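Coordinate analysis (summary)
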Amino acid sequence: MKKLRILLAEDDPITRIDIKETLEEEGFIVVGECWDGESAVNLARCLKPDLVLMDIKMPVMNGLQAAAVINEENIAPVLLLTAYSSADFISKATAAGVLAYLVKPVAKSTLIPACYIAVNRYEEFDILRGEINNLKEALEARKVIEKAKGLLQKKYLLNEEKAFKKIRKISMDQNIPMKDVAEAIILSLSSKNQ
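Please read all numbers here as calculations on a predicted model, not as lab measurements. Numbers given to residues run from 1 along each chain, matching the order in which its sequence is written. Given that this is a predicted model, residues contribute local features only at a pLDDT of at least 70 and side-chain atom pairs are listed and counted only at 80 or more, while totals for whole chains, interfaces and linings are drawn from all residues. Only hydrogens and water are set aside; all other atoms, that is, all heavy atoms of the structure, feed into the side-chain values.

Let us now look at unusual backbone geometry. Negative phi characterises most residues that are not glycine, and trans characterises most peptide bonds. Look at the link from lysine 104 to proline 105: it is a cis peptide, with omega at 0°. Summarising the element assignment, proline 105 is placed in the loop between β5 (100-103) and α5 (108-156). Unlike most non-glycine residues, valine 60 shows phi in positive territory, near 70°. Positionally, valine 60 belongs in the loop between β3 (51-54) and α3 (63-72). Here's how the labels work: a residue is buried when its accessible area is under 20% of the maximum for its type, exposed when over 50%, partly exposed in between, all with a 1.4 Å probe on protein chains only. For valine 60, a relative accessible area of 60% puts it in the exposed group. Its identity is not glycine, yet asparagine 74 carries a phi of approximately 50°, on the positive side. If you trace the backbone, asparagine 74 turns up in the loop between α3 and β4 (78-82). Runs of E in the DSSP output that reach at least two residues are strands. Runs of H or I that reach at least four are helices, and both are numbered from the N terminus.

This part is about helix α2 (residues 37-47). Regarding α2, the residues found buried are Gly37, Ala40, Val41 and Ala44. The buried residues of α2 occupy an angular sector of 100° when the element is viewed end-on, so they sit on one face. By the convention used here, residues are in contact when the closest approach between their heavy atoms is within 4.5 Å. Where α2 is buried, its residues contact β1 (5-9), β2 (29-34), β3 and α3. Count one or two residues on from α2 and you reach lysine 48, which has phi positive near 50°. In this description, the arc belongs to the directions extending from the helix axis to the C-beta atoms.

We define a salt bridge as a contact between a side-chain nitrogen of Lys or Arg and a carboxyl oxygen of Asp or Glu at a distance within 4 Å. In this structure the tally under the stated criterion is 17 salt bridges. Note that glutamate 26 and lysine 108 form a salt bridge whose closest N and O atoms lie 3.7 Å from each other. Pair noted here: glutamate 26 is in the loop between α1 (13-25) and β2 and lysine 108 is in helix α5, with a separation of 82 residues, a long-range link. Here lysine 108 falls in the partly exposed class, since its relative accessible area comes to 34%. Note that glutamate 146 and lysine 149 form a salt bridge whose closest N and O atoms lie 3.0 Å from each other. Of the two residues, glutamate 146 and lysine 149 both sit in helix α5, 3 residues apart, roughly one turn of that helix. In this structure glutamate 146 comes out as partly exposed when scored by relative accessible area, which is 30%.

Taken by themselves, the reported measurements are silent on function.
Okay, structure coming up:
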């Protein structure tokens, strides 16, 4: 298995040292350490770790707030290590996009698998995000092409098939995406109608 690059954010120095030693015994690389959530966000942006391990209760910015920022910016998966196991904290962690949640004290036998699972889930979600973005782009292109087809049908009294073939032919002849052709047609025909 790949040895992960980890950012460790824990305000208690003794706990931070213990966790770091556990990770390094497994061959993981602790690329950064900090004691507050704001520093965790800034270090995560700079270091681009494979995983961020952090406590919930930290000064300046708590772990939940930091996790939400890290998740929103798609920097890295977050695994929370905390002494708090209430339903409220778990709910807030879920809302912040946390991929794993372990209650301290944490044993090596639970920490290491949780690290790998969080990273693997994050990679799966990343693939899904890419697929969703591709689908959104395809849908947007389809809407633009449909609008251009409608304008061509109206302007040149073409049927739907011929309007589509006209857009496709221009796209192929000029080696540009059909969406770009459709946008140019919309711009051209819309300005002439004003």
